Amino acid sequence: MKKSFFLIVLMWVLSAPALRAQYVAWGERAPKYKIPTWLDDHLPSAGERTYLEFFSAANPDCQHSLDRLQILTRQSSKKLCVVVITKDRAEVASPLLRGYLSEQIGVALDSQARVFTLYGVNYVPFGVLLDERNRVLWMGNSLELTDEIIDSKL
């Protein structure tokens, strides 16, 4: 009895951080954020959908997700606006991200990780798709984002 109780408590303790991994919920309004600095002072144009992409230079999958997002923005005919948010220092992020800047993609430099903290982001690549009323339409690994998800309605 003691052994099984101990195992249950141990499993609960180990899973607790995962239970609060993100602070956003589908269909709910997303937390409001203020971008402290934009890479090259470049803000993307507004679109029907905004996708927040949380990025880290240390994770190679983040680079793959940006390649995917670049393709999706080209296909979306200006419907999708992407804000790449990184807590990497500007001198680390700039060489990696400057090539992705476009009319639809901007890079937010969040060196103090305020937006990461506000959204409770603990792993990357991770993204949040928002509608024009700032409601969460989808969230998850950016490599799984599709045109169908972008076009979806709540």
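Residues numbered from 1 in each chain as written. Predicted model: local features only at pLDDT ≥ 70, side-chain atom pairs only at ≥ 80, totals over all residues. Heavy atoms only, no water.

K.L.:
Describe in detail the overall build of the chain, supporting the description with residues and values.
P.N.:
A tally of regular secondary structure across the chain gives five helices and six strands. Secondary structure elements of the chain, listed N to C terminal, follow the sequence α-β-β-α-β-α-β-α-β-β-α. Taking all 154 residues of the chain together, the buried fraction comes to 44%. Across the chain, the fraction of contacts at a sequence separation of at least 24, relative to all contacts at a separation of at least 6, is 74%. Approximately 8900 Å² of the chain is accessible, and the part contributed by carbon and sulfur atoms is 57%. (Helix = DSSP H or I, 4+ residues; strand = E, 2+ residues; numbered from the N terminus. Buried < 20%, exposed > 50% of the residue type's maximum accessible area, 1.4 Å probe, protein only. Contact = heavy atoms within 4.5 Å. Areas by Shrake-Rupley, 256 points an atom, 1.4 Å probe, with all protein chains shown as cover.)

K.L.:
So what's going on with the sheet that holds strand β5 (residues 126-130)? Which residues, and what values?
P.N.:
The strand order β1-β4-β3-β2-β5-β6 describes an open sheet built from six strands, whose pairing is mixed. Of all strands in the sheet, those with a lone pairing partner are β1 (37-38) and β6 (136-140), marking the two edges. Bridge count for β5 against β6 is four bridges, and the pairing is antiparallel. In the strand pairing of β6, glycine 127 is matched with glycine 140. On the sheet, helix α2 (residues 60-75) packs against β2 (49-55), β3 (80-86) and β4 (105-109) and is oriented at approximately 165° with respect to β2. (Pairing = 2+ DSSP bridges. Axes fitted to C-alpha atoms, helices over the stretch in contact; angles between N-to-C directions.)

K.L.:
Quick one: what's the story with the pattern of salt bridges, residue by residue and with numbers?
P.N.:
The final tally for this structure, using the stated rule, is five salt bridges. For arginine 98, the salt bridge is made with aspartate 40, and the minimal N-O distance between the two is 2.8 Å. Of this pair, arginine 98 sits in the loop between α3 (90-97) and β4 while aspartate 40 sits in the loop between β1 and β2, and the two are 58 residues apart along the sequence. Of the charged contacts in the structure, one is a salt bridge between arginine 49 and glutamate 132, with a shortest N-O distance of 3.6 Å. Residue arginine 49 is found in strand β2, and its partner glutamate 132 is found in the loop between β5 and β6; the two are separated by 83 residues along the sequence. (Salt bridge = Lys/Arg side-chain N within 4 Å of Asp/Glu carboxyl O.)

K.L.:
Give a detailed account of the environment of glutamine 104, specifying residues and quantitative values.
P.N.:
With respect to the helices and strands, glutamine 104 occurs in the loop between α3 and β4. On the accessibility criterion, glutamine 104 (13% relative accessible area) is buried. In sequence terms glutamine 104 and lysine 79 are 25 residues apart; their C-alpha atoms lie 8.7 Å from each other. With sequence-adjacent residues up to four places away left out, glutamine 104 is seen in contact with Pro44, Thr73, Ser76, Lys78, Lys79, Leu80, Cys81 and Val82. From its side chain, glutamine 104 meets the backbone oxygen of threonine 73 in a polar contact 3.2 Å long. (Polar contact = N/O pair within 3.5 Å; in protein donor to acceptor, adjacent residues only side chain to side chain.)

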